[in-house]
Amino acid sequence: MASFIQSFKNTGYLQSSVNLLLFFMSWGIWWSFFQLWLKKDIAEGGLGFTNTQVGTVYSINSLATLVIMFAYGTLQDRLGYKRHIQVFIAAISALVGPFVIYVYEPLLHNNFMLGAILGSIVLSCGFMSGVGLLEALAERFSRRYNFEYGQARMWGSFGYALVALMAGFLFTINPHIDFWLGSLFGLANLMIVLFWKAPTPGAKAAKVEAESTQPGFREMASLLRMPALWIVIVIVFFSWTFYTVFDQQMFPDFYTSLFDTREAGERTYGVLNSVQVFAEAAMMGVVPLIMRKIGVHNTLLCGFAVMSLRILGCAVFADPVMISIVKMFHALEVPLCTLPIIRYFTLHFNPALSATLYLVGFQVSSQLGNVVLSPILGALNDAQGYQPTFFLISAVVACAGVFGFFTLKKDHEQVLGDPFIRDPKKVKGGVEPKPAAAPTQAPTVPHAPTQPAQDEDDTLK
């Protein structure tokens, strides 16, 4: 608690936290009900799409996100700590309301494919690709300004929870209100990014930056020749991707259908979603402590287990109370997956490429899966219903977790990045095992200088 309070004196931490807070408020106020808006009857302010059409929209969104996210990661690794892309993202979020109401919605009604393609570019640039870039950038800032990434990312979840609480009630009045508020929060974020100048890093951080070289495109492309990265991509594809399709494209409509009226379901979903994200924000601060006790590898496997159980619970139960309890598993699953996966990349790969690694290995691979799976699972849902589809998704995620148990590197294996220091009280004999020697065929990627151990113990992503 003392270290958390002390972090408020760190300008770098405050700046990253406020940026994430406002970005997630701008995104969450409408994104939490995006699937319901696509399916809601036209007479009630929605678009009246089928599950197959919804799957097509998400698939096209993911395809655009796949391309834009890779470009974001590559460009940001070249820019280092410069915030040009962050300004661009904030500008788009400030315009989301006018774009959706006056451009996106009319096009989807009159020319579905053109509207879906144009919307995918704008929304991906501002939000779906933007979130991965901002998370990777905040992780980079945490190493530069010596604060815990999880505690900064926690404010993003907190902001999402705040707006999710009001979004459900506003959505039943008029879905357009949510989009206008998204623009308002986006405008506030744009002002913060433009006029709150980044602090000067300490002497130690400046020295490390001066000694390190920015990687080129060839070095970044060489990542795709690394088997260890492809193992992560395969696991993400069959776990996080399936889970994302379930949680974003199926669960909202499934949950609201359990109530007597859609309006009651939408309001209850808004409140439940807010409570869940508040718990998620709290877990963002707790999971780094869990990682110190059990390690990065084991924490990630726990995330896969919770993910599978959450989907299985929705397949087994049909009572709104039980489904609400199962929904709260999401508060555990998100930090148990996202925080250790970022730390996994900085542990087993070159930290200088952290933005590209996170975006390609986690975000891009999951979006690639969405492109393939969204229309397929949407059609399966139309044909078989929600719960048979949930059983299938849960089984696939469970298999991916088992595969990860045998293939993901343990914390002391192939340490090519920043070593991970566990709590010595939880390590056998009180001594952390030494990292294994790097493989003889090391990837041809420039290796950034290793941070001192005391810094890395404070940086648990």
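Data block above holds the structure.
Everything numeric in this text was worked out from a predicted model, so none of it was measured.

Conventions and cut-offs
Residues numbered from 1 in each chain as written. Predicted model: local features only at pLDDT ≥ 70, side-chain atom pairs only at ≥ 80, totals over all residues. Heavy atoms only, no water. Helix = DSSP H or I, 4+ residues; strand = E, 2+ residues; numbered from the N terminus. Expected span 1.5 Å × (residues − 1). 1 Å grid on protein atoms, 1.4 Å probe; cavity = no way out; pocket = protein on both sides within 12 Å on 5 of 7 lines; lining within 4 Å. Points joined across faces, edges and corners; volume = space filled by probe spheres on them. Nonpolar A, V, L, I, M, F, W, Y, C, P; charged D, E, K, R; others polar. Patch = residues over 30% accessible without salt bridge, like charges linked within 9 Å, V, L, I, M, F, W, Y side chains within 5 Å. Areas by Shrake-Rupley, 256 points an atom, 1.4 Å probe, with all protein chains shown as cover. Salt bridge = Lys/Arg side-chain N within 4 Å of Asp/Glu carboxyl O. Core = buried A, V, L, I, M, F, W, Y, C linked by side-chain atoms within 4.5 Å. Buried < 20%, exposed > 50% of the residue type's maximum accessible area, 1.4 Å probe, protein only. Contact = heavy atoms within 4.5 Å. Polar contact = N/O pair within 3.5 Å; in protein donor to acceptor, adjacent residues only side chain to side chain. Axes fitted to C-alpha atoms, helices over the stretch in contact; angles between N-to-C directions. Parallel < 35°, antiparallel > 145°, perpendicular 65-115°, else oblique. Left-handed = near helix turned anticlockwise from the far one by under 90°.

Q: Please clarify how helix 4 (residues 51–79) should be interpreted in this entry.
A: Note on helix geometry: an α-helix contains 3.6 residues per turn, so any two residues three or four positions apart are oriented the same way. Helix length check: helix 4, at 29 residues, gives a terminal C-alpha distance of 40 Å against a target of 42 Å (1.5 Å per residue), a fit within 8%. One or two positions beyond helix 4, positive phi appears at Gly-80, with a value near 70°.

Q: Help me understand empty space enclosed by the protein in this model?
A: Here the idea is plain: a probe the size of a water molecule rolls over the atoms and shows the empty space left. Here the structure, examined in full by the defined rule, presents five cavities of 30 Å³ or more. If you add up the space inside the largest cavity, you get close to 710 Å³. Lining the largest cavity are 39 residues, with Trp-27, Trp-31, Trp-240, Asp-247 and Gln-248 positioned closest to its centre. A per-class count over the lining of the largest cavity returns 16 nonpolar, 17 polar and six charged. As a volume, the second largest cavity reaches approximately 60 Å³. Contributing to the lining of the second largest cavity are Ser-16, Asn-19, Leu-20, Gln-86, Leu-134, Leu-137, Ala-138 and Phe-141. Those elements that place two or more of their residues in the lining of the second largest cavity are helix 2 (11–31) and helix 7 (112–145). Take the lining of the second largest cavity: its biggest share by element is four residues, from helix 7. For the lining of the second largest cavity, a count of residues per class yields five nonpolar, three polar and no charged.

Q: Looking at this structure, how should I read a nonpolar patch on the surface?
A: Taken together, Leu-309, Leu-312, Val-316, Phe-317 and Phe-391 make up a surface patch of nonpolar side chains, about 430 Å² in accessible area. Ranked by residue count, the leading element in the nonpolar patch is helix 14 (residues 296–316), at three residues. Mapped onto the secondary structure, Val-316 falls in helix 14.

Q: Explanation requested: the nonpolar core in the structure shown.
A: For soluble globular proteins, nonpolar side chains are generally found buried alongside one another. Trp-27, Trp-30, Phe-34, Trp-37, Leu-38, Tyr-104 and Phe-390 are the most contacted members of the largest nonpolar core, which has 115 residues in total. With sequence-adjacent residues up to four places away left out, Tyr-104 is seen in contact with Phe-34, Trp-37, Val-57, Phe-99, Gly-115, Ala-116, Gly-119 and Leu-123.

Q: Please clarify how the environment of Ser-274 should be interpreted in this entry.
A: Position of Ser-274 among the secondary structure elements: in helix 13 (residues 262–294). Since its relative accessible area comes to 1%, Ser-274 is described here as buried. The spacing of Ser-274 and Gly-159 is 115 residues in sequence and 9.6 Å in space, taken between C-alpha atoms. Once residues lying within four places of it in the same chain are set aside, the contact partners of Ser-274 are Ala-161, Ala-164 and Leu-165. A polar atom in the side chain of Ser-274 sits 2.6 Å from the backbone oxygen of Ala-161.

Q: I tried to follow the packing of helix 5 (residues 84–94) against helix 9 (residues 175–195) on my own but got confused; where do I start?
A: Each pair of packed helices can be described by the angle between their axes along with the distance between the axes. Direction vectors running N to C along helix 5 and helix 9 enclose 155°, while the axes themselves pass 7 Å from each other. With respect to each other, helix 5 and helix 9 are oriented roughly antiparallel. For the pair helix 5 and helix 9, the crossing hand works out as left-handed. Between helix 5, through Gln-86, Val-87, Ala-90, Ala-91, Ser-93 and Ala-94, and helix 9, the contact on the second element is made entirely by Gly-182, Ser-183, Gly-186, Leu-187, Asn-189, Leu-190, Val-193 and Leu-194. For the contact of helix 5 with helix 9, the per-class residue count stands at eight nonpolar, six polar and no charged.

Q: I tried to follow helix 9 on my own but got confused; where do I start?
A: For helix 9, spanning 21 residues, the distance from its first C-alpha to its last is 31 Å, which sits close to the expected 30 Å at 1.5 Å a residue. Among the residues of helix 9, Pro-175, Asp-178, Phe-179, Gly-182, Ser-183, Phe-185, Gly-186, Asn-189, Leu-190 and Val-193 are the ones counted as buried. Residues of helix 9 that are buried sit in contact with helix 2, helix 3 (34–39), helix 5, helix 6 (96–110) and helix 8 (149–173). Where helix 9 begins, the side chain of Asn-174 points an oxygen toward the backbone nitrogen of His-176, at a separation of 3.0 Å.

Read these as spatial facts, not as claims about activity.
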